[in-house]
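Survey of secondary and tertiary structure
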Amino acid sequence: MRALTLSVVAVMVLAGAASAEAPPAVTLTLKNHRFTPATFAVPAGQKVRVTLINQDPATEEFDSHDLRLEEVVTPMGRISFDIGPLQPGQYSFMGEVHA
């Protein structure tokens, strides 16, 4: 599977407003061994909650060498994990089991 990209963008946030709100969240769906969306952007300097929904009948792994992260999701399963806070830039990820 080709590597996909997570872009982290710098954003200005008023002090105090960020702490009162829930952290940013992204949902990825895995179907036919492909992530949707294939790319996504998140704000720099904040933790982000990622939810991965596996619609395939096979185990898959969210793998990112850039993020130093590997998360396994069971067939027809769902997991959530946090990433960040991250510096602005691009971070690749892929499904390692069916790469």
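Before reading on, note that the structure itself is shown above.
So, here's what we can say about the structure. (Residues numbered from 1 in each chain as written. Predicted model: local features only at pLDDT ≥ 70, side-chain atom pairs only at ≥ 80, totals over all residues. Heavy atoms only, no water.)

Things to note about the overall build of the protein
Within the protein one finds 1 helix and 9 strands. Counting helices and strands in the order they occur from the N terminus, the protein gives β-α-β-β-β-β-β-β-β-β. Residue burial in the protein is summarised as follows: out of 99 residues, 35% are buried. A fraction of 70% describes how many contacts in the protein between residues 6 or more apart in sequence connect residues 24 or more apart. (Helix = DSSP H or I, 4+ residues; strand = E, 2+ residues; numbered from the N terminus. Buried < 20%, exposed > 50% of the residue type's maximum accessible area, 1.4 Å probe, protein only. Contact = heavy atoms within 4.5 Å.)

Some details on the packing of aromatic side chains
One pass over the full model with this rule turns up 5 aromatic pairs. An aromatic cluster of three or more residues is present, and its members are Phe35, Phe40, Phe62, Phe81 and Phe93. (Phe/Tyr/Trp six-rings, centres within 6.5 Å; stacked < 30°, edge-to-face > 60°.)

Here's the deal with the environment of Gly95
Tracing the backbone shows Gly95 in strand E9 (residues 89-95). In this structure the C-alpha to C-alpha distance between Gly95 and Leu30, which are 65 residues apart in sequence, comes to 8.9 Å.

Regarding the side chain of Thr51
Secondary-structure assignment places Thr51 in strand E5 (residues 48-54). At 3.1 Å, the side chain of Thr51 and the side chain of Ser80 are in polar contact. Beyond its immediate stretch of four places on either side in the chain, Thr51 contacts Val26, Thr27, Leu28, Arg78, Ile79 and Ser80. (Polar contact = N/O pair within 3.5 Å; in protein donor to acceptor, adjacent residues only side chain to side chain.)

Regarding the side chain of Asn54
Mapped onto the secondary structure, Asn54 falls in strand E5. Within the structure, the side chain of Asn54 is placed 3.1 Å from the backbone oxygen of Thr74, a separation counted as a polar contact. In this view, Asn54 contacts Leu30, Thr59, Glu60, Val73, Thr74, Pro75, Met76 and Gly77; residues no more than four positions away in its chain are not counted.

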